[in-house]
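# Coordinate inspection notes
One letter stands for each residue in the lines below.
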Amino acid sequence: LVLGPAEAARRAAALRSEPEDGLEALAVAVAAAAVETTRHKVDYDHGGVEDVSLVRLSAAAKVGVAAEAAGGAAAVAVSAGAPPQLVELTFPRFFVWQGDRVVVRDAASGDLIATLSGEAKAKDECGVAGCAGYLTWPPLVAPAGFSFVFESDHFDEAVYVPPGAEPSRFSAAGFLASLRLAPGCSTDKSCGPGGVCRPESGLCECGVGRSGADCSYASCLGVRTLHGASGVLASSARALEPRERYVNDAVCGWRLAAGEETGRGRGFLRLSIEYDVEPSFDFVEVYDGSGTQHAQLSGAGGPVLLTIPVDGGAPLIRFTSDGAGRRSGFRASYKFTAAACDTHADCSGRGACVRGLCACEPGTHGLSCDSKYCLAYNPPAGP
C-alpha cells in the first residue's frame, strides 16, 4: 500500500485514537521518486560500442515510518493489543541503495533492532537453488511493536541496465514491510544453531554472531542485551575465518547487562578482543556504563586484553562498518570480575598483578597495561 504523506499521517493518527485488541498496522511501500530512464552509446577502450540503458533515481527526503508522524512524512503505527503479544516484521520486497537505510527500533524501549540496506530477496523468491549468495533479511520481532524510519542520502543513483533487460526491474527501489502477530519460539530448535528459546518471553537468545527472530541471519544486527557474567560475542557466526566477510553499513552493539544487575554493579569487565576490520573506516568500540569510550580498534590485531571499571551501568561493545571494504570481522570474550587481575598474565605481559590491580611497567597504562597512553581512569597500583 503506497501512501502519500497526508494520508499516511491521517491513518496513523486514526490508529492511535481508536485502539483495538490485536495487531493494528499499516503496511507501507516506499517507492523511488523521479525515475528517469535514458539510453546512450558507450564507447569502450577496446573499440566496441554498446547501446545501454541507465536508470537514474533521484534522492528522496527522509521518510519517517514510526508511531509518530513527523513533518507529514509517510508513517506506520504498529502496536500489540492486550494481553501483549509479539509483533513480527518481515520485508517481502527490499531494495534500498547504499547510502540509504531503514532503521528499525523497538517501539517500547527505543532499542535498535536493525539497520538495513541493500537488495534483499525473500526466501520464497530464491527457488529450488535456495538463497545462497543472496542477501536475505531475517524476520524481526518485538514484544510491543516497532518504529522504523527510512532515510535516503543526498545523491541520485544511476544503474546500469544490461542490453535486453527490462529497465523497470532496476527502478523498483524501495521496500515493503509486512507485519503480523507472532506466537514466538517454543523450543530451542526454533532458534537456530546455538540458540536458546526463552518460553517466558517467546524470544530466541541467538548463538554467537547470529541474529533475527529465528536466529537465521548469520551476522549481527542491532543492539543485543546479554545477561551472562561471561560470554562470547562476534560480528558474524564465522568471524575471523579466512573467507568470511562482514556486511557493509553494519551497526551492531552488545549491552552487557550483568554490569548493572544486583550484586554485579561494582568491579571490572575483562575483555579479550581479536579483530580484522577495514582500517580507519570500520571500528570495534568499547564503552563503560556511563558512556565513556575506553577503546576504539581498527585494522587488524589481537588478542587485545582490555579491562574497564564497572560503576553500576551496562558496558557496551559496538561494531560499525562503512559502505565499502570488508574484512573478516571480530570476536571477543568477556567476563565480570571483582578484581582487575588475578595473575600476571592479566596484565598484557607489561606488568604484575598486585593485590587485584596491575602494576604496569613504565610507559604503559590501563587496568590491564594495554595502553601506551596515560588514562584518566587508570588507578594507582603497586606495593
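Note: the structure precedes this text.
What you are looking at is a predicted structure, and each value in this text was computed from that prediction instead of being measured. (Residues numbered from 1 in each chain as written. Predicted model: local features only at pLDDT ≥ 70, side-chain atom pairs only at ≥ 80, totals over all residues. Heavy atoms only, no water.)

## Let's talk about the overall build of the protein
Where we set the bar: Helix numbers and strand numbers start at the N terminus; a helix is a DSSP run of H or I with at least 4 residues, a strand a run of E with at least 2. Exposure categories follow from relative accessible area, calculated using a 1.4 Å probe and restricted to protein chains: below 20% of the type maximum is buried, above 50% is exposed, and the middle band is partly exposed. Whether two residues are in contact is decided by their heavy atoms: any pair within 4.5 Å suffices. Each accessible area is a Shrake-Rupley estimate made with a 1.4 Å probe; only the visible protein chains count as cover when residues are assessed.
Summing up its helical and strand segments, the protein has two helices and 25 strands in all. Looking at the protein as a whole, 42% of its 383 residues are labelled buried. Within the protein, contacts between residues separated by at least 24 positions form 66% of all contacts whose residues are at least 6 apart in sequence. Here the protein displays about 18800 Å² of accessible surface, and carbon together with sulfur accounts for 53% of that area.

## A look at the side chain of Asp106
Let me state the cut-off plainly: As used throughout, the charge tally considers Lys and Arg to be positive and Asp and Glu to be negative, leaving His and the chain termini uncounted. The salt bridge criterion pairs a side-chain nitrogen of Lys or Arg with a carboxyl oxygen of Asp or Glu, the two atoms within 4 Å.
For Asp106, the position within the fold is in strand β6 (residues 101–106). No salt bridge forms around the buried Asp106; measuring N to O, its nearest opposite-charge neighbour Arg255 is 9.8 Å away. The residues touching Asp106, leaving out its near neighbours within four places in the chain, are Asp111, Ile113, Ala142, Pro143 and Gly145.

## Focus on the sheet that holds strand β22 (residues 316–320)
The test is simple: At least two bridges found by DSSP between two strands are what make those strands a pair. Interaxial angle, 0 to 180 degrees, is taken between N-to-C directions of lines fitted to C-alpha atoms, where a helix line uses only the stretch in contact.
Read from one edge to the other, the open sheet built from five strands follows the order β15-β17-β22-β19-β20, with strand pairing classed as mixed. Across the chains shown, the open sheet's two edge strands, defined by having one partner strand only, are β15 (222–226) and β20 (293–297). For this sheet, the mean inter-axis angle between neighbouring strands, taken without regard to orientation, is 15°. Bridging between strand β19 (residues 283–287) and β20 involves four bridges; their strand directions are antiparallel. Within the sheet, the bridge partner assigned to Val286 lies in β20 and is Ala295.

## What to know about the packing of aromatic side chains
Selection criterion: Ring pairs shown here join Phe, Tyr and Trp side chains whose ring centres sit within 6.5 Å, with only the six-membered ring taken for Trp; geometry is labelled stacked below 30 degrees between planes, edge-to-face above 60, and tilted in between.
Within this structure, the stated rule accounts for ten aromatic pairs. The interplanar angle of 80° and the centroid separation of 5.2 Å between the aromatic rings of Phe91 and Phe94 together place this pair among those described as edge-to-face. Looking at Phe91, the relative accessible area reads 9%, which means it is buried. Exposure remark for Phe94: the relative accessible area of 4% places this residue in the buried category.

## Observations regarding the nonpolar core
Here is the rule: Joining through side-chain atoms within 4.5 Å is the link that ties buried Ala, Val, Leu, Ile, Met, Phe, Trp, Tyr and Cys residues into a set, and such a set is a nonpolar core.
Core analysis: the biggest nonpolar cluster contains 27 residues, and Leu233, Trp254, Ile273, Ile317, Phe319 and Phe330 have the highest contact counts within it. Among the elements of the structure, β17 (251–256), β18 (267–276), β19, β20, β21 (300–310), β22 and β23 (329–337) are those that each provide at least two residues to this core. Beyond its immediate stretch of four places on either side in the chain, Ile273 contacts Val284, Val286, Leu297, Gly301, Gly302, Pro303, Val304, Phe330, Arg331 and Ala332. Of all hydrophobic cores here, the second largest spans 22 residues; its members include Phe94, Ile113, Leu116 and Ala142.

## Some remarks on the sheet that holds β18
Pairing is antiparallel across the open sheet formed by four strands, whose spatial order is β16-β23-β18-β21. The open sheet terminates on both sides in strands that have one partner only, identified here as β16 (230–234) and β21. Ignoring which end each strand starts from, the neighbouring axes of this sheet average 15° apart. Pairing of β18 with β21 involves nine bridges; the strand directions are antiparallel.

## Regarding the state of the cysteines
The line we're drawing: Any cysteine sulfur atom paired with another within 2.5 Å is treated as part of a disulfide.
Enumeration according to the criterion identifies seven disulfides in this entry. Covalent S-S linkage joins Cys185 and Cys197, the inter-sulfur distance amounting to 2.2 Å. Disulfide Cys185-Cys197: torsion about the S-S bond near 90°, hence right-handed. Taken as a pair, Cys185 in the loop between β12 (174–182) and β13 (196–198) and Cys197 in strand β13 lie far apart in primary sequence, twelve residues in all.

## Some words on the pairing of β17
The element β17 is extensively covered by neighbouring structure, given that five of its six residues are classed as buried. As defined by bridge partners, β17 adjoins β22 across five bridges and the pair is classed as antiparallel. Note on β22: the bridge partner recorded for Trp254 is Ile317.

## Structural notes on the environment of Gly222
With respect to the helices and strands, the residue Gly222 is situated in strand β15. You can call Gly222 buried: its relative accessible area is 1%.

## Quick notes on unusual backbone geometry
For the bond from Gly302 to Pro303, the omega torsion is 5°, close enough to zero to count as cis. Relative to the assigned elements, Pro303 resides in strand β21. Of note in the backbone geometry, Asp249 takes a positive phi value of approximately 60° without being a glycine. Here Asp249 shows up in the loop between β16 and β17. Look at Ser348: it is not a glycine, yet its phi comes out positive at around 60°. With respect to the helices and strands, the residue Ser348 is situated in the loop between β23 and β24 (351–354).

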